[in-house]
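Analysis of the macromolecular model
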Amino acid sequence: MQDNEQSTQSSEPTAESTASASASASEASTRQATQELMDELTELANRLTNLGKSWWNSEQRKHLEQDLRTGAESVVASLESSIKQVAASQEAKELQAKAGEVGEKVATSKIVNDLAEALKSGLQALSAQLDKAAQDIEAKKQTQATAPTDASQDDPATQDIPINKA
């Protein structure tokens, strides 16, 4: 009779076996949906690749590339020709000569030399003043660092009142 009970019990599905079977079915369904999604994405990527290859090998792309090359070469040739014409003109040569003369005059001019000397001495004086100001600030910091303790010992009515800058 025990064998009969065991066979009856094993033939009837339990709650645990039903739950694990449904979990397995759910997991299999999820895997299948994921695989289908991956297959669709792969197919889409293949189609895009084929489209790109088709366009790259198309006559329209080749024609467009040739038109762009021809246009760019034409613009470059036109610019080179214009620059050569301007450089070869008498006005450009005169302008270059005048610019050279002005540069030489400025470089040898007494006014420019005097101005450079004055500027140099002014910058040296400014540098000296900045050094002096920095030394004064350091000296005041050291004096203030020792002064408040001395002042508070001498006069108990003295207070430090901070002033905040806005």
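Residues numbered from 1 in each chain as written. Predicted model: local features only at pLDDT ≥ 70, side-chain atom pairs only at ≥ 80, totals over all residues. Heavy atoms only, no water.

Focus: the overall build of the protein
Across its full length, the protein carries five helices and zero strands. Along its sequence from the N terminus, the protein presents helices and strands in the succession α-α-α-α-α. Every one of the 166 residues in the protein was classed for burial, and the buried ones make up 2%. For the protein, the computed accessible surface area is about 15,200 Å², with 58% contributed by carbon and sulfur atoms. (Helix = DSSP H or I, 4+ residues; strand = E, 2+ residues; numbered from the N terminus. Buried < 20%, exposed > 50% of the residue type's maximum accessible area, 1.4 Å probe, protein only. Areas by Shrake-Rupley, 256 points an atom, 1.4 Å probe, with all protein chains shown as cover.)

Re the pattern of salt bridges
Inspection of the entire model under this criterion finds four salt bridges. A salt bridge links glutamate 27 to arginine 31; its shortest N-O distance comes to 2.5 Å. Placement of both glutamate 27 and arginine 31 in helix H2 (residues 15-56) is noted, with a separation of four residues, approximately one turn of the helix. Among the residues examined, glutamate 27 registers a relative accessible area of 44% and is labelled partly exposed. (Salt bridge = Lys/Arg side-chain N within 4 Å of Asp/Glu carboxyl O.)

Topic: the packing of aromatic side chains
Under the counting rule described, the total for this entry stands at one aromatic pair. Measuring from centroid to centroid gives 6.2 Å for tryptophan 55 and tryptophan 56, while their planes differ by 55 degrees, and the two rings are tilted. The class of tryptophan 55 is partly exposed, set by a relative accessible area of 45%. The ring of tryptophan 56 has arginine 61 sitting right over it, with the charged end atom 3.8 Å from the ring centre. (Phe/Tyr/Trp six-rings, centres within 6.5 Å; stacked < 30°, edge-to-face > 60°. Lys NZ or Arg CZ within 6 Å of the ring centre and 35° of its normal.)

Some thoughts on the confidence of the model for the protein
Low pLDDT means the predicted coordinates in that region are not meant to be read closely. Considering every residue of the protein, the mean pLDDT works out to 80; 77% of them sit at 70 or more. Confidence scores differ between elements of the protein, with helix H1 (residues 2-11) showing the lowest mean pLDDT of 50 and helix H3 (residues 59-88) the highest of 90. (pLDDT = per-residue confidence, 0-100.)

A word on the packing of H3 against helix H4 (residues 90-108)
The N-to-C vectors of H3 and H4 enclose an angle of 65 degrees; their axes lie 4 Å apart at closest approach. Between H3, through Val86, Ala87 and Ala88, and H4, the contact on the second element is made entirely by Gln90, Ala92 and Lys93. Tallied by class, the residues present in the contact of H3 with H4 amount to four nonpolar, one polar and one charged. (Axes fitted to C-alpha atoms, helices over the stretch in contact; angles between N-to-C directions. Contact = heavy atoms within 4.5 Å. Nonpolar A, V, L, I, M, F, W, Y, C, P; charged D, E, K, R; others polar.)

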